[in-house]
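Commentary on secondary and tertiary structure
Each chain, written out:
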Amino acid sequence: QVKLRESGGGLAQAGGSLRLECVASGDTRIFYDMAWFRRAPGKEREFVAANNWSGQSRLYADSVKGRFTVSRVNQNTLWLQMDNQRHEDTAVYYCALDPEEEHTQIASDYPYWGQGTQVTVSS
């Protein structure tokens, strides 16, 4: 079974940077698409960014394009470099894995999830 663990969250100033890391463990044969989602207070979970098995195919939400960079360091490790952070980026960030190579932005398509890491950006 696949397990995911996020790290790197914390408190940042507006305009600052943080780098999140997700490490997956388990059956490496199903480590295909990995993604980041986030849930802000009072809002539903939303897609942030994703990277496929090779790390070459990337997807970004419009709200983070040009500011965040998702990187597939290797098959079991995913980074999210967050630059020029805004107060509205404040959320719990979750790592997710889809073993079916769907290149999807839909949360329900990802069966494996981490526990989340809190990111707080002051205004």
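Described below are features of the structure shown in this document.

Conventions we followed
- Residues numbered from 1 in each chain as written.
- Predicted model: local features only at pLDDT ≥ 70, side-chain atom pairs only at ≥ 80, totals over all residues.
- Heavy atoms only, no water.
- Helix = DSSP H or I, 4+ residues; strand = E, 2+ residues; numbered from the N terminus.
- Rg over C-alpha atoms; globule rule 2.2 N^0.38 Å.
- Buried < 20%, exposed > 50% of the residue type's maximum accessible area, 1.4 Å probe, protein only.
- Contact = heavy atoms within 4.5 Å.
- Lys, Arg positive; Asp, Glu negative; His and termini not counted.
- Charge placed at Lys NZ, Arg CZ, Asp CG, Glu CD.
- Salt bridge = Lys/Arg side-chain N within 4 Å of Asp/Glu carboxyl O.
- Phe/Tyr/Trp six-rings, centres within 6.5 Å; stacked < 30°, edge-to-face > 60°.
- Lys NZ or Arg CZ within 6 Å of the ring centre and 35° of its normal.

1. Here we look at the overall build of the protein
Helix and strand content of the protein: 0 helices and 11 strands. In terms of overall dimensions, the protein is globule-like: its C-alpha atoms have a radius of gyration of 13 Å, near the 14 Å expected for 123 residues. With respect to the three principal axes, the spread of C-alpha positions in the protein is 40 × 25 × 20 Å. The buried share among the 123 residues of the protein stands at 41%. For the protein, the share of sequence-separated contacts (at least 6 apart) that also reach a separation of at least 24 residues comes to 58%. Taking the 13 positively charged and 15 negatively charged side chains of the protein as two groups, their mean positions are separated by 5 Å.

2. Some remarks on the pattern of salt bridges
Tallied over the full model, the rule gives 4 salt bridges. The salt bridge partner of K65 is D62, with a shortest N-O separation of 3.2 Å. For D62, a relative accessible area of 66% corresponds to the exposed category. As a salt-bridge pair, R67 and D89 come within 2.8 Å of each other at their nearest N and O atoms. Here R67 is found in the loop between strand 6 (58–60) and strand 7 (68–74), whereas its partner D89 is found in the loop between strand 8 (77–82) and strand 9 (91–98), with 22 residues between them in sequence. Here R67 and D89 have matching classes, each one buried. It is possible to trace a salt-bridge network through shared partners that takes in R38, E46, R67 and D89.

3. Looking at the packing of aromatic side chains
Evaluated as defined, the whole model comprises 5 aromatic pairs. Ring centres 5.3 Å apart and planes at 75 degrees place the aromatic pair F37 and Y110 in the edge-to-face group. Residue F37 is found in strand 4 (residues 33–39), and its partner Y110 is found in the loop between strand 9 and strand 10 (112–113); the two are separated by 73 residues along the sequence. For R19, the ring lying beneath its charged end belongs to W79, and the centroid distance is 3.9 Å. Its guanidinium or amino end placed over the ring of W113, R45 lies 4.6 Å from that ring's centre, counting from NZ or CZ.

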